[in-house]
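Structural description and commentary
Spelled out, the chains give:
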Amino acid sequence: VSSGFARVDAARVRALREQLDRELGAALVVKDDGVTLEAYGRDESGLGPFLADLVVFPSDTAQVQAVIRACQRHAVPVVPVGARTGKSGGSLPVCGGVALALEKMNRILQVDPDDLVAVVQPGVVLGALVAEVESKGLFYPPDPNSWETCTLGGNVAENAGGPRALKYGVTRDYVLALEWVLPSGEVVRAGHRTAKGVAGYDLVGLFVGSEGTLGVATEITLRLLPKPRAVRVALVSFRTVADATGAVGRVLSGGFLPRALELLDDVVLRAVAGKGVSFHPESRAVLLIELDGTRDDAVLEDLLEVAARCEEAGALDTQVAQDEAQREALWRVRRLVSPGLRALCGGKLSEDVVVPRSRISEAVERFKAIGARHGLVIATYGHAGDGNLHTNVLFSGPEDNPRVQLALDEIMGVTLLLGGTITGEHGVGLAKKKYLPGELGPSRLALERAIRVTLDPEFRLNPGKLFEQS
Ligand SMILES: Cc1cc2nc3c(=O)[nH]c(=O)nc-3n(C[C@H](O)[C@H](O)[C@H](O)COP(=O)(O)OP(=O)(O)OC[C@H]3O[C@@H](n4cnc5c(N)ncnc54)[C@H](O)[C@@H]3O)c2cc1C
């Protein structure tokens, strides 16, 4: 697939490889076979493949440094790569060059229950960290749905979040410190291991969410919490999305902060019908509401009060999970949404826009109308608590692509008009690059470009992503 970007010259790559062989020899794993290049040319955005010239697998920070320095010296682009679960094409080597795969740096270096801190290498899979900290009675809240495969390095680069963001926040809220290799190859330590610390600029805040453009995370220090002892979930059915979002307002203003508040619209309900949970026959929207706390009886009492508030807002019925198996069955429905939607139509493009909570219902209606105008079905589900909506444009095949793109342009336009943002989780990468200027405006775009130019004047790190050099 042509990326539309100029590919790096083959002679430069040869010179780079010779230098890496000289400096690091067999200590650095380097691959350039077709199968590997093809695999690292794709992620979950559906874009590509865009083939690197070399895929390198460093095993420590010094090797990351050496690779980046050599890439700068030979003017070869270099793209950090985690587990390639990204949905915006962030890890794709659109100009060729080096894919810097961090998966071998996968050690959990420390889990400290006294300081409530974990220190990990970037290639640690989120699920492995969660298992380790939970075995010690601790809690790492960010929960992107890809937790079984995505890496902490990728989470840091994308500032990943999930259903628990409403109560607990996103990855940025848990990164205390970073060992960070700058695009020059220099290593800096940003942030503090302590829970508080305000000395210096907030470089952690800048680096988290930088999508592989401002440097490479080689060690990540994370804040942990005590694990909540009790968790309860309920599924509440409504006649309309407006009723459901009205209930969200009543719950929050009533003094309850659920750890998850997930919305599924009517198309999504069709997609998951018959998959283990039955919905009220009149329901055209549901909320999955999860609360946590210290004592089970208190959490259950709160959940029943939340259900009562939903009834006041027009809820048709409420199913409270009575045990862990029922809780799992309700969450399974949420996990089946994505494959269920794909099965409805054949293909889908999944967005992650965010609108103010008060505009969710209007956004869902306007997105549906956009779909209808283009002869497409649009389904919306997602995090009703924070307005982060997974709006899915369903289509049958590649022939629908022009209509899908037009619908997408309009969805992004409406999102910005409603005071929202084009991405709440997946990042800009390649997929949403064309919409970024519309959101940032010229002054902020110029400022962000200036920051990148300061750190990486030639845009050697992850070129073609977020925005162009000039
Ligand atoms: C089924 C599914 C469900 C998902 N659900 C969610 C969700 O609920 N919430 C959410 O936020 N996302 C979700 N995602 C998107 C994706 O999983 C996240 O963006 C994740 O953080 C990417 O991690 P990764 O290791 O796969 O990174 P990759 O896809 O390999 O890379 C992503 C970006 O990170 C950069 N990068 C990787 N490692 C480093 C590093 N060490 N230093 C600097 N930059 C680096 C890359 O250059 C790239 O720009 C989902 C994806 C899938 C497939």
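Residues numbered from 1 in each chain as written. Predicted model: local features only at pLDDT ≥ 70, side-chain atom pairs only at ≥ 80, totals over all residues. Heavy atoms only, no water.

Some words on the pairing of strand β19 (residues 388-395)
- Burial analysis of β19 places 8 of its 8 residues in the buried class, the great majority of the element.
- Of the two faces of β19, the one holding Asn 388, His 390, Asn 392 and Leu 394 and the one holding Leu 389, Thr 391, Val 393 and Phe 395 are both buried throughout.
- In terms of strand pairing, strand β16 (residues 347-350) meets β19 through 4 bridges, oriented antiparallel. Residue Ser 350 lies in a different strand from β19, and its bridge partner there is Asn 392.
- Where strand β17 (residues 353-354) and β19 come together, 2 bridges link them in antiparallel fashion. Its bridge partner being in β19, Val 353 is matched across the sheet by Leu 389.
- Of the pairings in the sheet, the one linking strand β18 (residues 377-383) to β19 comprises 7 bridges and is antiparallel in character. (Buried < 20%, exposed > 50% of the residue type's maximum accessible area, 1.4 Å probe, protein only. Helix = DSSP H or I, 4+ residues; strand = E, 2+ residues; numbered from the N terminus. Pairing = 2+ DSSP bridges.)

Focus on the packing of helix α8 (residues 241-253) against helix α13 (residues 360-373)
- Between α8 and α13, whose axes approach to 8 Å, the crossing angle comes to 160 degrees. When the axis of α8 is compared with that of α13, the two are roughly antiparallel. Two packed elements cross with a definite hand, and for α8 against α13 that hand is right-handed. Here α8 contributes Val 241, Ala 242 and Thr 245 to the contact with α13, which in turn contributes Ile 360, Ser 361 and Val 364.
- Residues belonging to the contact of α8 with α13 are distributed by class as follows: 4 nonpolar, 2 polar and no charged. (Axes fitted to C-alpha atoms, helices over the stretch in contact; angles between N-to-C directions. Parallel < 35°, antiparallel > 145°, perpendicular 65-115°, else oblique. Left-handed = near helix turned anticlockwise from the far one by under 90°. Contact = heavy atoms within 4.5 Å. Nonpolar A, V, L, I, M, F, W, Y, C, P; charged D, E, K, R; others polar.)

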